Amino acid sequence: GVPQGACNSGSFTTASLGQGAHTFSVRATSPNGTNDTVFELVNFSVDTINPDVPVLSGPSGITNQIDLTWTFTLPEGTGECRIITAGDPNPAWDACTSPQDFVGLSDGDYTFEVRTKDAARNVSSAVSKSVTVDTAVDVTIDSGPVDGNQDAHASIAFSSTESPDVTFQCRFYE
């Protein structure tokens, strides 16, 4: 520890402290040299080490779902989250807990980020998942009759990248 010494000015500044627990004590001495019998103590710790990153799971890539949920596990402390969009590329970090639900998202690109904040307010690097919400259903005509077809029974094949989850509605015009 730091040796006992005079601190007559009513304040005391330590030299650079290492990581971990520390205790500061102070007592008064009267002008005639009588020491107070009780030291006043303050215990504190120095923590400059960033916490580990959270473990994040949830959607990424392209989805046609408009309700998305991300879950995460924090190694310590509390979570801070944000969702980045084209309209808000640098949103503020907000305190959060797992899971994080986002309901009714419109088509577009989203990046969900989470980081850990420890008791000393150190923050970890962020981990993220990026997702594109695309609710448009695309249909492709794969094959069909050519103009001037001599067959009275036209056969038309079509598909969608969302198959087999998509259903089709067909119309024929004469």
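Residues take numbers from 1 onward in each chain, read along the sequence in its written order. Confidence filtering applies because this is a predicted model: local features only for residues at pLDDT of at least 70, side-chain atom pairs given and counted only at 80 or more, and all residues used for totals across whole chains, interfaces and linings. Side-chain numbers here rest on the full set of heavy atoms in the structure, without hydrogens or water.

Visitor: Hey, could you go over the nonpolar core for me, with residue numbers and the actual values?
Guide: Core analysis: the largest hydrophobic core is formed by 14 residues, its most contacted members being W70, F72, F112 and V114. Here a helix means four or more residues in a row that DSSP labels H or I, a strand means two or more in a row labelled E, and each is numbered from the N terminus. Every element with two or more residues in this core is listed here: strand 5 (68-73), strand 6 (78-85), strand 9 (108-117) and strand 10 (127-133). Residues are treated as being in contact if the distance between any of their heavy atoms lies within 4.5 Å. Each residue touching F112, except ones within four places of it in the same chain, is listed here: L56, W70, F72, C81, R82, I83, Q100, F102, V127, S128 and K129. Buried residues of nine kinds, namely Ala, Val, Leu, Ile, Met, Phe, Trp, Tyr and Cys, make up a nonpolar core once their side-chain atoms join them within 4.5 Å. Buried residues are those whose accessible area, probed at 1.4 Å on protein chains only, stays under 20% of the maximum for their type, while exposed residues exceed 50% and partly exposed ones sit between those limits.

Visitor: Give me the lowdown on the packing of aromatic side chains, citing residues and values where you can.
Guide: The rule is short: rings of Phe, Tyr and Trp, with Trp giving its six-membered ring, pair when the centres are within 6.5 Å, and they are stacked under 30 degrees, edge-to-face over 60, tilted in between. This structure, assessed with the given rule, holds five aromatic pairs. Between the aromatic rings of W70 and F112, the centroid separation amounts to 4.9 Å while the plane-to-plane angle is 5°, which identifies the pairing as stacked. Of this pair, W70 sits in strand 5 while F112 sits in strand 9, and the two are 42 residues apart along the sequence. Judged by relative accessible area, which is 0%, W70 ranks as buried. We call a charge positioned over a ring when the NZ of a Lys or the CZ of an Arg lies within 6 Å of the ring centre and within 35 degrees of the ring normal. Geometry around W93 places R115 over its ring, the cationic atom sitting 4.0 Å from the centre.

Visitor: Could you give an account of the environment of R115, with specific residues and numbers?
Guide: Inspection of the secondary structure puts R115 in strand 9. Judged by its relative accessible area of 17%, R115 is buried. Leaving out residues up to four positions away in the same chain, R115 has contacts with P54, L74, T78, G79, E80, W93, V123, S124, S125 and A126.

Visitor: Quick rundown of the environment of Q150? Include the residues and the values.
Guide: Within the element layout of this structure, Q150 appears in the loop between strand 11 (139-143) and strand 12 (157-160). For the pair formed by Q150 and E80, sequence separation is 70 residues and the distance between their alpha carbons is 67 Å.

Visitor: Break down the sheet that holds strand 8 (residues 100-102) for me, with residues and values.
Guide: A sheet is described by the order of its strands in space; here three strands give the open sequence 3-5-8, paired in antiparallel fashion. Only two strands of the sheet have a single partner each, and these edge strands are strand 3 (55-57) and strand 8. Direction aside, neighbouring strands of the sheet carry axes that sit 15° apart on average. Only strands joined by at least two bridges in the DSSP assignment are considered to pair. Simply put, an axis is a line fit to the C-alpha atoms, just over the touching stretch for a helix, and the angle between two N-to-C directions goes from 0 to 180 degrees.

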